[in-house]
Amino acid sequence: MTAGRGRARRPGRTGRPSRPGPAFRAGPDRAAARARGGERVPPGLRTAAGYAWRLVAIGVAAYLAVSVLTRLELPVIALFLALVITSVLRPPVDLLARGMPRSLAVLLALVGSVALVGGILALVWTTVAAEWGRLGDELHGGLGRIDRWLTGAPFHLHPGTATDLKARIGDFVATHRSMLLSTALSGAGRAVELLTGLALAVFCSVFFLHSGDRMWTWAQHQFPARARPVWERAGHAAWHTFAGYTRGVLIVAATNAVLVGIALAVLGVPLVLPLVVLEFVATLIPLIGSPIALAIASLVALAARGPVVALLVLGLIVVIGQIEGHLLHPLVLGWSVRIHPVAVALSVTGGAVLGGVLGAMVAVPVVSVAWAVINALRHDAPED
């Protein structure tokens, strides 16, 4: 007993389980975090930072691409026009090639399209020349009617506001003759560039129509074998969307032009054929093209037929817009182009800011093609 009591206790052996120290309570995750230097960045912030620098890289790449394309404006526009010509003439060329050599089919399609466009332009010129004298008298009388209308209620403007327009235009031309001359010379140089681009576009379209499939096959074989199926899917989706959009927008533009021509002829507005051609060309710019063309037609109607007819022409903007948005676009373009109207509006605005009228015209097909390619690659991607 005495010996048992006198036995010394060993340190650490109290009979109670020892508590784990702080190093054990920290756990492996916290210990690893401390080993990395005590990182305190939340996971959400790390994810946002990862997306942010990727978006910055994409934005820089897009800016550099736009800068390069802006410097190469002429060949880029020529290539775009060549693709448009190819997408429009490819079906008749394929049809003609069933009964004749493909080279002859391409030649007949190009000659026929040039003859059609040239005939329309010649008819427009003849119409304007034939109606020019009568139109001058109508515009002179229309300015008088507009002047009387503006001097009355509710405008109460100074008499002669509209009838003095011709004299004011003459004074402006006399005062700014040198500036107008330099502008005309620069416009002539621009016209030469456009003709050069058009010739280059026709030259490229000949080869695209004749041997476009072989050119695409050759381009595919320049990539590694593993990447060829991906490029095949992307190219098929891009061409299907671009060709469908081009043919569809031409059908929509032609339908709008016919409807506007019938309405203007019924209302007795002069220069129907030139205004119809203007409506056709302007409809190629989505959302804003057709209203601008109809606004110009309403000005002609205001000068020639008075405010009532001009208001009726302005009403066509609403009618044509409803037909185009709720009938023509879903029926003609819905099977090839599926982008939201908000995306269309933003694309047209961005294209106009970057490239003016041409930028507004090419913005929607470029965005449509890009979205189609993304969808094709995303849906056909192999699952892990």
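Please refer to the structure higher up on the page.
Summary of the structure given here. Note that the structure is a prediction, hence the values are computed from the model and not measured.

**Focus on the overall build of the protein chain**
In terms of helices and strands, the protein chain carries 13 helices and zero strands. Going from the N terminus to the C terminus, the protein chain shows its helices and strands as α-α-α-α-α-α-α-α-α-α-α-α-α. Taking contacts inside the protein chain between residues at least 6 apart in sequence as the whole, the part at least 24 apart equals 65%. When the accessible area of the protein chain is evaluated, it comes to approximately 25,600 Å², of which 71% is carbon and sulfur surface.

**Topic: helix α11 (residues 289-305)**
An ideal rise of 1.5 Å per residue puts 24 Å on 17 residues; α11 measures up with 24 Å between its terminal C-alpha atoms. Residues Gly289, Ser290, Ala293, Leu294, Ala297, Ser298, Val300, Ala301, Leu302, Ala303 and Ala304 constitute the buried set of α11. Downstream of α11 by a residue or two, Gly306 has a phi angle that is positive, lying close to 105 degrees.

**Concerning a nonpolar patch on the surface**
A surface patch of nonpolar side chains, amounting to about 400 Å² of accessible area, comprises Leu96, Leu104, Leu107, Leu108 and Val111. Looking at which element gives the most residues to the nonpolar patch, the answer is helix α6 (residues 102-151), with four residues. The residue Leu96 is located in helix α5 (residues 73-96) in this model. By relative accessible area, Leu96 is classed as partly exposed at 30%.

**Here we look at the side chain of Thr246**
Among the structural elements, Thr246 can be located in helix α9 (residues 228-267). Classification of Thr246 as buried rests on a relative accessible area of 6%. For Thr246, the contacting residues outside a window of four places in its chain are Val84, Ser87 and Val88.

**A closer look at the packing of aromatic side chains**
Aromatic ring pairs are defined here through the distance separating the ring centres and the angle between the ring planes. Scanning the model with the defined rule gives four aromatic pairs in all. Counting every residue linked through ring pairs, the aromatic cluster contains Phe80, Trp239 and Phe242.

**A few points about unusual backbone geometry**
Of note in the backbone geometry, Leu271 takes a positive phi value of approximately 55 degrees without being a glycine. By the element assignment, Leu271 lies in the loop between α9 and α10 (272-282).

**Let's talk about α9**
Helix length check: α9, at 40 residues, gives a terminal C-alpha distance of 58 Å against a target of 58 Å (1.5 Å per residue), a fit within 8%. In the stretch just after α9, Gly268 is the one whose phi turns positive, near 75 degrees.

**Quick look at the pattern of salt bridges**
Counting across every chain of the model gives three salt bridges. Of the charged contacts, one joins Asp94 and Arg90 as a salt bridge, the two residues approaching to 3.2 Å between their closest N and O atoms. Taken as a pair, Asp94 and Arg90 lie in helix α5 at a separation of four residues, close to a single helical turn. On the basis of relative accessibility, which here comes to 18%, the residue Arg90 falls in the buried class. The shortest N-O distance in the salt bridge between Asp213 and Arg90 comes to 3.2 Å. You can see Asp213 sitting in helix α8 (residues 177-220) and its partner Arg90 sitting in helix α5, a full 123 residues away along the chain.

**Quick look at the environment of Val277**
By the element assignment, Val277 lies in helix α10. Under the relative-accessibility criterion, Val277 is labelled partly exposed at 23%. Taking the C-alpha atoms as reference points, Val277 and Ala254, 23 residues apart in sequence, are found 9.1 Å from one another.

About the criteria used
Residues numbered from 1 in each chain as written. Predicted model: local features only at pLDDT ≥ 70, side-chain atom pairs only at ≥ 80, totals over all residues. Heavy atoms only, no water. Helix = DSSP H or I, 4+ residues; strand = E, 2+ residues; numbered from the N terminus. Contact = heavy atoms within 4.5 Å. Areas by Shrake-Rupley, 256 points an atom, 1.4 Å probe, with all protein chains shown as cover. Expected span 1.5 Å × (residues − 1). Buried < 20%, exposed > 50% of the residue type's maximum accessible area, 1.4 Å probe, protein only. Patch = residues over 30% accessible without salt bridge, like charges linked within 9 Å, V, L, I, M, F, W, Y side chains within 5 Å. Salt bridge = Lys/Arg side-chain N within 4 Å of Asp/Glu carboxyl O. Phe/Tyr/Trp six-rings, centres within 6.5 Å; stacked < 30°, edge-to-face > 60°.

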